[in-house]
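The residues making up each chain are set out below.
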Protein chains: 2
Amino acid sequence: MTAGVTSPIITTAGEPQGDALGTLLGLLQADMDACGRAIVARMDSPVALIPQLAAHIVAAGGKRLRPLLTLAAARMCGYASGHRHINLAACVEFIHTATLLHDDVVDESRLRRGMASANAVFDNKAPVLVGDFMFTRAFQLMIEDGSLHVLRILCNAAATIAEGEVLQLVTQHDLATTEDRYLDVVRGKTAALFAAAAQVGAVVAQRPVAEEDALATYGLNLGIAFQLVDDALDYAADEAVLGKSVGDDFREGKITLPVLIAYQKGSPEERQFWRRTLEEGQQQDEDLPHAMRLLKRHEAIDTTLGRAANFVREAQEALEIFPQSPLRQALIDVGSYTVNRVH
Amino acid sequence: MTAGVTSPIITTAGEPQGDALGTLLGLLQADMDACGRAIVARMDSPVALIPQLAAHIVAAGGKRLRPLLTLAAARMCGYASGHRHINLAACVEFIHTATLLHDDVVDESRLRRGMASANAVFDNKAPVLVGDFMFTRAFQLMIEDGSLHVLRILCNAAATIAEGEVLQLVTQHDLATTEDRYLDVVRGKTAALFAAAAQVGAVVAQRPVAEEDALATYGLNLGIAFQLVDDALDYAADEAVLGKSVGDDFREGKITLPVLIAYQKGSPEERQFWRRTLEEGQQQDEDLPHAMRLLKRHEAIDTTLGRAANFVREAQEALEIFPQSPLRQALIDVGSYTVNRVH
């Protein structure tokens, strides 16, 4: 099942959009390989359960979009003199993995990255502690790197992620959540790390603040778009493609942008339906298909994807201060790919 | 019910031991007040649930031994020129609170610091995330402080804590755990932060490495003793005094030093009892009193307290390189207090 979006949401010159991520990965293959090796090396610990659980996460793969952003930003900014970008990209992935591990505990999501989630295999205890360990590993990498500016950027991102996740706890069962407040959640839980990951690339290349800011803006808006598309996919994607079940958010009572849109446009009966299923958590077998029909009726998926496309455009515009290059083009195209992966 | 220890375990000159902590607090009252204010100020967040949950932890109080160590060490080392010790003491308490919050989730302990544990009141989700937030707050405080050396000390401690907690998961239901391996767990989960807290005091006072090392040695050994006494108290203390239930560790199947001692000395039937109750988690009403009788039969509580007294002596000896002062004496006496609080 796919969303009913037929017109191209945004258009860009250059690569075929479906291959944008592949192009970016191709440009950075050696760096990504080095980053992967750094991740494995730094997960090691005399406590065997730590690399075991870490390997479980690493084996699950994932797109490693966040470290890719650090590497791409550093190289686009002309960094060529060392390995700081590799270590900091690994550090970004550690922070992300730590939040995933803690999010698995919190969300009790059954599928994460297409495999059984870490807590389903190892129970709830180990992921909390291994997440803490990975978080401290990330800081150890930054301390080795030695830049207080980098520490400040990534630590502030980590604080914002935690705040965003707590805000999500408060808002996720509340249909009175406004779109703005929902976007605050998304900025926190998803976009802050995208922003920091990209910004750090300019820092290692010792570029001016304007370029740091431009990359942070790119990352922030790309991250928001990424999350909104994820929200849409949860009601629209093919399970095999997405690697997570359709309707996960619905079953967990998570109130995401498509639902907020449908709720705001809904009739009194429809609102009652959303309140029962999401606020009160009273769900029956036929509720998910009905929810999907309501989302379609109010064009909630298309509207969400339209919002995402706007954020992608802002991300792409932020890159205009950089000279044209294959990496800049690849970063622009990844924005388009983010929105179009729904097709 | 108290342990059957009647002889003084260690003797020191100076203050009556029961009042040692009070004396230390009295010497540092202004600093502790300032630290308390810093903690409250830095727990703030626009996400209201964060200060709410934080206030719940702060209200529960606790002895704040760890920040007290930082303040005492800094002042004993002659630090007098600023507020770094206050902010870093607050940072130490944040790291401790974050680990408590995560430990509550992990251990499902019913009582923590004499109040309902955070997860019983707020469910399991918020404590994981608020713990993450407090952890990042701790790092933000260190980054503001600006010393990479301090960052390295406390970040390594945090990594060691996480490793120690994971090691505890692996060993806590295994009666084949050796005493050495158990002490590794204790060094990680408890003593590493005591060591770092004390060491940081020498760093802010810009004292030589030998004094940093001496304070780290003091903190490490005090922390080990503190945990061993805690293990003993779990089978021996008056619930109202300790603020936690007698037998918590037993009911959770935690294998601590008193149990390891009794197991090693036990008959085949006694070993079978420990395996059933702790490894297999099959417990009946009469099992806790029986466990306490076995511990008494093999003098396991006294032996544990004797081990603790040895660590306290090592802690106290480490302070010999410092000139005599009321603060040095108070730190020595706190060691004795740690062991004698069982009476």
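Residues numbered from 1 in each chain as written. Chains lettered and ligands numbered in written order. Predicted model: local features only at pLDDT ≥ 70, side-chain atom pairs only at ≥ 80, totals over all residues. Heavy atoms only, no water.

Undergrad: Residues and numbers for the overall build of chain A, please.
TA: Looking only at helices and strands, chain A features 17 helices and 2 strands. Looking at chain A as a whole, 63% of its 343 residues are labelled buried. Approximately 12900 Å² of chain A is accessible, and the part contributed by carbon and sulfur atoms is 51%. (Helix = DSSP H or I, 4+ residues; strand = E, 2+ residues; numbered from the N terminus. Buried < 20%, exposed > 50% of the residue type's maximum accessible area, 1.4 Å probe, protein only. Areas by Shrake-Rupley, 256 points an atom, 1.4 Å probe, with all protein chains shown as cover.)

Undergrad: With reference to specific residues and values, describe helix α8 (residues 148-171) of chain B.
TA: All names here are of chain B. Counted at 1.5 Å a residue, the expected span for α8 with its 24 residues is 34 Å, and the 34 Å between its end C-alpha atoms agrees. Here α8 lies mainly inside the structure; 18 of its 24 residues are buried. Capping the start of α8 is the job of one residue whose side-chain oxygen sits 3.3 Å from the backbone nitrogen of His149: Ser147. (Expected span 1.5 Å × (residues − 1). Polar contact = N/O pair within 3.5 Å; in protein donor to acceptor, adjacent residues only side chain to side chain.)

Undergrad: Go over helix α15 (residues 287-297) of chain B, please, and point to the residues and values.
TA: Residues lying three or four places apart along an α-helix face the same way, a consequence of the helix completing one turn every 3.6 residues. Residues and elements named next belong to chain B. Those residues of α15 that fall on the buried side of the exposure criterion are Asp287, Leu288, Ala291, Met292, Leu294 and Leu295. The buried residues of α15 occupy one face: seen down the axis, they fall within an arc of 160 degrees. For α15, the exposed residues set more than 90 degrees away from the buried face come down to Lys296 and Arg297. Where α15 is buried, its residues touch α12 (248-251), α13 (257-265), α14 (268-279) and α16 (300-318). Once α15 finishes, Glu299 follows within two positions and takes phi at roughly 50 degrees, a positive value. (Arc of directions from axis to C-beta. Contact = heavy atoms within 4.5 Å.)

Undergrad: Residue-level account of the relation of the copies chain B and chain A, with values.
TA: By a simple turn and slide, chain B fits onto chain A: the slide is 0.0 Å along the axis, the RMSD is 0.0 Å, and the turn is 180 degrees. Here the transformation between the copies is reduced to the relation of a two-fold axis. The residues that chain B uses at the interface reappear at the interface of chain A in 100% of cases, marking a shared surface. (Least-squares fit on C-alpha atoms with pLDDT ≥ 70 in both.)

Undergrad: Now, about the interface of chain B and chain A: what can you tell me, with residues and values included?
TA: Of the residues lining the interface, 36 residues belong to chain B; the matching set on chain A comes to 36 residues. Taken together, the two surfaces of chain B and chain A that pack against each other cover about 3400 Å², and 79% of this comes from carbon and sulfur. When the buried area of chain B at its contact with chain A is split by residue, B:Leu129, B:Ile143 and B:Glu163 rank highest and sum to 18% of it. Summed over the shared surface of chain B and chain A, the result is 6 residue pairs in polar contact (both at pLDDT 80 or more). Of all elements in the fold, only α3 (49-60), α5 (84-107), α7 (125-145) and α8 of chain B reach the threshold of two or more residues within the side of chain B that touches chain A. Tallying contributions element by element places α8(B) first for the side of chain B that touches chain A, with 14 residues. Of the residues that constitute the side of chain B that touches chain A, the class distribution is 24 nonpolar, 7 polar and 5 charged. (Buried area = accessible area lost by both parts, 1.4 Å probe. Nonpolar A, V, L, I, M, F, W, Y, C, P; charged D, E, K, R; others polar.)

Undergrad: Lay out the nonpolar core with the relevant residues and their values.
TA: Grouped together as the largest cluster of nonpolar side chains are 168 residues, with contacts concentrated most on A:Leu154 and B:Leu154. Beyond its immediate stretch of four places on either side in the chain, B:Leu154 contacts B:Cys91, B:Val92, B:Ile95, B:Met142, B:Leu193, B:Ala196 and B:Val200. (Core = buried A, V, L, I, M, F, W, Y, C linked by side-chain atoms within 4.5 Å.)

Undergrad: Got a sec to walk through the packing of helix α7 (residues 125-145) of chain A against helix α8 (residues 148-171) of chain A? Specific residues and values, please.
TA: When two helices pack together, their arrangement is given by the angle between the helix axes and by the axis-to-axis distance. Residues and elements named next belong to chain A. Where α7 meets α8, the axes come as close as 9 Å, and the angle between the chain directions of the two elements is 160 degrees. When the interaxial angle is binned, α7 and α8 end up roughly antiparallel. For the pair α7 and α8, the crossing hand works out as right-handed. Seen from α7, the contacting residues are Phe135, Phe139, Met142, Ile143 and Asp145; seen from α8, they are Val150, Leu151, Leu154, Cys155 and Ala158. Its residues assigned to classes, the contact of α7 with α8 shows 9 nonpolar, no polar and 1 charged. (Axes fitted to C-alpha atoms, helices over the stretch in contact; angles between N-to-C directions. Parallel < 35°, antiparallel > 145°, perpendicular 65-115°, else oblique. Left-handed = near helix turned anticlockwise from the far one by under 90°.)

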